[in-house]
Amino acid sequence: MDDATAQASRIDGYAAALLDVARAEGDTGGLTDEIYRAGHALAGNSELIDVLADARVPAERKQGIIDDLLGKRASRVTVAAINFVVAAGQARHLSDIATRLADLAAEVEGEVVAEVRAPMELDAEQIERLTAALSSATGRRVQVKVVIDPTVLGGLVAKVGDTVLDGSVQNRFDELREQWG
Amino acid sequence: MLTHVFAQVVLAQNAELILSQAEGGGGAAFLLPVPEELFAGIIAFSIVFFFVWKWAIPVLNKTLEARQAAIAGELETAENAKVEAESLLRDYRQQVAGAKDEASKILADARDAGEAVKGDIIARAEGEAQQIKTRASDEIAAERERAVAGLRRQVADLSLVVAAKVVESTLDADTQRDLVDRYIDELGGVK
């Protein structure tokens, strides 16, 4: 087994463990969504991830940072789950584990995850319409997971499996750059 | 020839004898030999003449003829040698003329070959110079195009960076929501 396969297997294992925790807590959908969003939010800050992945930084210090960042915004179980992953030395794979967790939870429901990147939070009505639109566009039942990403500038980017639907302002700029270049 | 001389001497003596008798024989008779002596002289002379005519003259003639033949042979040999020399001279002149022609031809060929090589070298040099010039022009044009494209890319990047900053600072929550809603509507139209 090569390194990539071993790492993929490890990510599957952690994701499955977190899914079991969510099930045990009786809130699979809510906790999965929260862990997904928290994991991607932390992973979006590379300097923070460098600190969390640094073996020289004491575990208590890492836990303190995570508590400070998530303590008032996420549930106790979510904070504990993130601390568990970081303490296990998997901070650099936090977003992969969160994504795999969401995929596993969606598979249980017969759905696929649509990772949506937007510069701001979407409200419930927007998520509902987006879910319907993506399900219609892909022909599959989708579960929308929103990740806040300021680099999108405006609009949103939706990724369902290997399909990317890019309606971001940044993408318009990239298209203009291609045309002018 | 000698026979002819003897005949003339005899005739002259007879003529003097006749002349003296015709003049009366008085004063000149003492000059003339007596007939017997004259007769004996004639006989002796005839005998001598006979021997001379019979053996000496043929030998002499033979010697003269041999000499004449030798001289004629030598003349003929000389003539042949002269003819041969003239022939050799003619051949030599022809050879010299041929050699001159050959030398002229070789010189002409060498000159032509030299001209051809010179022309070839000049043509090749001109071709290479043209190629270098064309290559240099192409490289200059390509470099200019690269520079223009790079400049255009930089201007585009800068413009887009500025535009992104402007958009980022001017997009308020309502506009963001409007953008998201519009894209969701677009997605809803995709089947």
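Here, the structure is the one placed above.
Residues numbered from 1 in each chain as written. Chains lettered and ligands numbered in written order. Predicted model: local features only at pLDDT ≥ 70, side-chain atom pairs only at ≥ 80, totals over all residues. Heavy atoms only, no water.

**As for the overall build of chain A**
Consideration 1: Looking only at helices and strands, one finds eight helices and four strands in chain A.
Consideration 2: Scanning chain A from its N terminus toward the C terminus, one meets helices and strands in the order α-α-α-α-α-α-β-α-β-β-β-α.
Consideration 3: Here chain A holds 181 residues, and 42% of them are scored as buried.
Consideration 4: Contacts in chain A between residues far apart in sequence, at least 24 positions, make up 64% of those at least 6 positions apart.
Consideration 5: Accessible area of chain A: about 9,300 Å², with a carbon and sulfur share of 49%. (Helix = DSSP H or I, 4+ residues; strand = E, 2+ residues; numbered from the N terminus. Buried < 20%, exposed > 50% of the residue type's maximum accessible area, 1.4 Å probe, protein only. Contact = heavy atoms within 4.5 Å. Areas by Shrake-Rupley, 256 points an atom, 1.4 Å probe, with all protein chains shown as cover.)

**As for helix 3 (residues 46–53) of chain A**
An α-helix turns once per 3.6 residues; consequently, residues spaced three or four apart project the same way.
All names here are of chain A.
Consideration 1: Regarding helix 3, the residues found buried are Leu 48, Ile 49 and Leu 52. Axial view of helix 3: buried residues confined to an arc of 100°, hence all on one face.
Consideration 2: The N-cap residue of helix 3 is Asn 45: its side-chain oxygen and the backbone nitrogen of Glu 47 are 3.2 Å apart. (Arc of directions from axis to C-beta. Polar contact = N/O pair within 3.5 Å; in protein donor to acceptor, adjacent residues only side chain to side chain.)

**Thoughts on the sheet that holds strand 4 (residues 163–166) of chain A**
All names here are of chain A.
Consideration 1: Read from one edge to the other, the open sheet built from four strands follows the order 2-1-3-4, with strand pairing classed as mixed. The sheet is open, and its two edges are formed by strand 2 (142–148) and strand 4, each paired on a single side. Each strand of the sheet is rotated relative to its neighbour by a mean of 20°, with strand direction disregarded.
Consideration 2: Along the sheet, helix 2 (residues 28–43) makes contact with strand 1 (112–118) and strand 2, crossing strand 2 at roughly 35°. (Pairing = 2+ DSSP bridges. Axes fitted to C-alpha atoms, helices over the stretch in contact; angles between N-to-C directions.)

**Some details on the interface of chain B and chain A**
Consideration 1: Tallying the contact residues gives 25 residues for chain B and 26 residues for chain A.
Consideration 2: Note on chain B versus chain A: buried area summed over both sides is about 2,200 Å², and carbon and sulfur give 65% of it.
Consideration 3: Applying the counting criterion to the chain B and chain A interface returns four salt bridges.
Consideration 4: The residue B:Asp181 makes a salt bridge to A:Arg129 at a minimum N-O spacing of 3.1 Å.
Consideration 5: At the boundary of chain B with chain A, the tally comes to eight residue pairs in polar contact (both at pLDDT 80 or more).
Consideration 6: Contributions of two or more residues to the side of chain B that touches chain A are made by helix 2 (35–170) and helix 3 (173–188) of chain B.
Consideration 7: With 12 residues, the top contributor of residues to the side of chain B that touches chain A is helix 3 of chain B. (Buried area = accessible area lost by both parts, 1.4 Å probe. Salt bridge = Lys/Arg side-chain N within 4 Å of Asp/Glu carboxyl O.)

**Section: the pairing of strand 1 of chain A**
All names here are of chain A.
Consideration 1: By the criterion of burial, strand 1 is predominantly enclosed, with six of the seven residues buried.
Consideration 2: After leaving strand 1, the chain enters helix 7 (residues 124–138) and then returns to the sheet as strand 2, a path that is right-handed.
Consideration 3: Note that strand 1 and strand 3 (residues 157–160) share four bridges and pair antiparallel. Counterpart to Ala 114 in the pairing with strand 3 is Val 160. (Right-handed = clockwise from strand over helix to strand, strands pointing away.)

**A short note on the pattern of salt bridges**
Consideration 1: Taken as a whole and assessed by the stated rule, the structure comprises 20 salt bridges over all chains.
Consideration 2: For B:Arg177, the salt bridge goes to A:Asp123, with nearest N and O atoms at 2.1 Å. Of this pair, B:Arg177 sits in helix 3 while A:Asp123 sits in the loop between strand 1 and helix 7, each in a different chain.
Consideration 3: According to the relative accessible area criterion, B:Arg177 is partly exposed, its value standing at 30%.
Consideration 4: Notably, a salt bridge pairs B:Asp178 with B:Arg182, separated by 2.9 Å at the nearest N-O pair. Of this pair, B:Asp178 and B:Arg182 both sit in helix 3, four residues apart, which is roughly one turn of the helix.

**Things to note about the packing of aromatic side chains**
Consideration 1: Counted by the stated rule, this structure contains six aromatic pairs over all chains.
Consideration 2: Seen from their ring centres, A:Tyr14 and A:Phe84 are 5.8 Å apart, and the 50° between their planes marks the pair as tilted. On the criterion of sequence distance, the pair formed by A:Tyr14 in helix 1 (residues 3–25) and A:Phe84 in helix 5 (residues 76–87) is long-range, its members being 70 residues apart.
Consideration 3: Here A:Phe84 falls in the partly exposed class, since its relative accessible area comes to 42%.
Consideration 4: The interplanar angle of 40° and the centroid separation of 6.4 Å between the aromatic rings of B:Phe50 and B:Trp53 together place this pair among those described as tilted. Linking B:Phe50 with B:Trp53, this pair stays in helix 2, spanning three residues, or about one helical turn. (Phe/Tyr/Trp six-rings, centres within 6.5 Å; stacked < 30°, edge-to-face > 60°.)

**Quick word on the pairing of strand 4 of chain A**
For a regular strand, side-chain orientation follows a simple rule: the groups alternate between the two sheet faces.
Consideration 1: With four bridges joining them, strand 3 of chain A and strand 4 of chain A adopt antiparallel strand pairing. When the bridges of strand 4 of chain A are listed, A:Lys159 appears paired with A:Val164.

**Remarks on a nonpolar patch on the surface**
Consideration 1: A contiguous nonpolar patch, built from B:Phe39, B:Ile43, B:Ile47, B:Phe50, B:Phe51, B:Trp53 and B:Trp55 and spanning about 760 Å² of accessible area, is present on the exposed surface.
Consideration 2: B:Trp53 sits in the partly exposed class, given a relative accessible area of 45%. (Patch = residues over 30% accessible without salt bridge, like charges linked within 9 Å, V, L, I, M, F, W, Y side chains within 5 Å.)

**Considerations on the packing of helix 4 (residues 59–70) of chain A against helix 5 of chain A**
Residue and element names in this part refer to chain A.
Consideration 1: Where helix 4 contacts helix 5, the two axes come as close as 10 Å, and the packing angle between them is 150°. By the angle class used here, helix 4 and helix 5 are roughly antiparallel. In the crossing of helix 4 with helix 5, the sense of the turn from one axis to the other is right-handed. Taking contact as the criterion, the partners of Lys 62, Gln 63, Ile 66, Asp 67 and Leu 70 in helix 4 are, on helix 5, Val 79, Ile 82, Asn 83 and Val 86.
Consideration 2: When the residues that make up the contact of helix 4 with helix 5 are grouped by side-chain class, the tally is five nonpolar, two polar and two charged. (Parallel < 35°, antiparallel > 145°, perpendicular 65-115°, else oblique. Left-handed = near helix turned anticlockwise from the far one by under 90°. Nonpolar A, V, L, I, M, F, W, Y, C, P; charged D, E, K, R; others polar.)

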